[in-house]
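Structural characterization, general
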Amino acid sequence: MNPKEKLKELLEKKGRGAYSQLAQYLNVPRNYVTRWVKDEKYNFPYEYINEIATFFNVNPAYFIHDEDDKIPLTHYIPIIGKASCGVPVEYHYYDYGEKLPITADLYREGRYAIIAEGDSMEPKIKEGDIVICDPEIYPENGNIVHYTLNGESGIKKLVRDEMGNAVMLMPLNEKYPPIPIKESDELRMAKCLRVVSEL
């Protein structure tokens, strides 16, 4: 089962009023919970994974790994905010107050998670997916990166020239144009390592 199906099953097992109880516990409108479970346009709300796990008295790992996966999620990295997977948007990142549980092999000091927003990186990265990033790994040509470019943030595929210079940020969705990089641009990048929905 995927995370949405697991959430639906837990709600059904809890019985009447479970949708409203969870919404009240998370301090969100009830229709949010309905969307997370029943609307294909909405992903599992990874930003609430720890609270949802506490509400149902399960380990957060339950939503990320299959039941038969014995790898424990013993480490946590911060979820620092959202990054556009559409038209780049200026974000002021902040710690959501949430931590993403991950396996020991994925953990390294300085790594963080970011919530994707938009559809420019579909089908690989969908809106609402959480992406694990490492700012210490030098991104190579063709790598997907979380970037800030002149104060605007996003997730795109990096294109380098023969000299190794970053020249373009490419969407995977063809309806979006590439973003050229000029020498005068202020660019910071972190290599995207994993989409949580693929863990």
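Structure's up top.
Reading the values: rules and limits
- Residues numbered from 1 in each chain as written.
- Predicted model: local features only at pLDDT ≥ 70, side-chain atom pairs only at ≥ 80, totals over all residues.
- Heavy atoms only, no water.
- Buried < 20%, exposed > 50% of the residue type's maximum accessible area, 1.4 Å probe, protein only.
- Helix = DSSP H or I, 4+ residues; strand = E, 2+ residues; numbered from the N terminus.
- Contact = heavy atoms within 4.5 Å.
- Salt bridge = Lys/Arg side-chain N within 4 Å of Asp/Glu carboxyl O.
- Polar contact = N/O pair within 3.5 Å; in protein donor to acceptor, adjacent residues only side chain to side chain.
- Pairing = 2+ DSSP bridges.

Okay, helix α4 (residues 49-56) next. Along α4, 6 of the 8 residues are buried, which leaves the element largely enclosed by surrounding structure. If you check which residues of α4 are buried, you get I49, N50, I52, A53, F55 and F56. Looking at the packing, one finds that the buried side of α4 touches α1 (3-14), α2 (18-26), α5 (61-64), β1 (75-84) and β3 (99-102). In the stretch just after α4, N57 is the one whose phi turns positive, near 60°.

Okay, the pattern of salt bridges next. Summed over all chains, the structure comprises 6 salt bridges. For D134, the salt bridge is made with R108, and the minimal N-O distance between the two is 3.4 Å. Taken together, the residues span a long stretch of sequence, with D134 in strand β5 (residues 130-134) and R108 in the loop between β3 and β4 (112-117) at a distance of 26 residues. Here R111 makes a salt bridge to D134, at a shortest N to O gap of 2.6 Å. Of this pair, R111 sits in the loop between β3 and β4 while D134 is found in strand β5, placing the two residues 23 residues apart along the sequence. Just as R111 is buried, D134 falls in that class too. Each member of the salt-bridge network shares a partner with another, and the members are R108, R111 and D134.

So, on to unusual backbone geometry. With an omega of 10°, the peptide bond between E122 and P123 qualifies as cis. Counting through the fold element by element, P123 comes out in the loop between β4 and β5. For N57, which is not a glycine, the phi torsion comes out positive at approximately 60°. Given a relative accessible area of 72%, N57 falls into the exposed group. Unlike most non-glycine residues, N150 shows phi in positive territory, near 55°. Mapped onto the elements, N150 comes out in the loop between β6 (144-149) and β7 (152-160).

Along the chain, N143 falls in the loop between β5 and β6. Within the local environment of N143, its side chain forms a polar contact with the backbone nitrogen of E140, the two atoms lying 2.7 Å apart. Filtering out sequence-adjacent residues up to four positions away, N143 remains in contact with Y138, K156, K157, L158 and K191.

Where β6 and β7 come together, 6 bridges link them in antiparallel fashion. The residue of β7 that forms the bridge with L149 is E152. Taken together, β6 and the strand that follows it, β7, pair antiparallel across an intervening segment of 2 residues, in which N150 is found at a positive phi of about 55°. Where β7 lies against strand β8 (residues 166-170), 4 bridges are found, and the strand directions are antiparallel. Paired with R160 across the two strands is A166, which belongs to β8. Linking two consecutive strands that pair antiparallel, namely β7 and β8, is a turn of 5 residues; a positive phi of about 90° is found at G164 within it.

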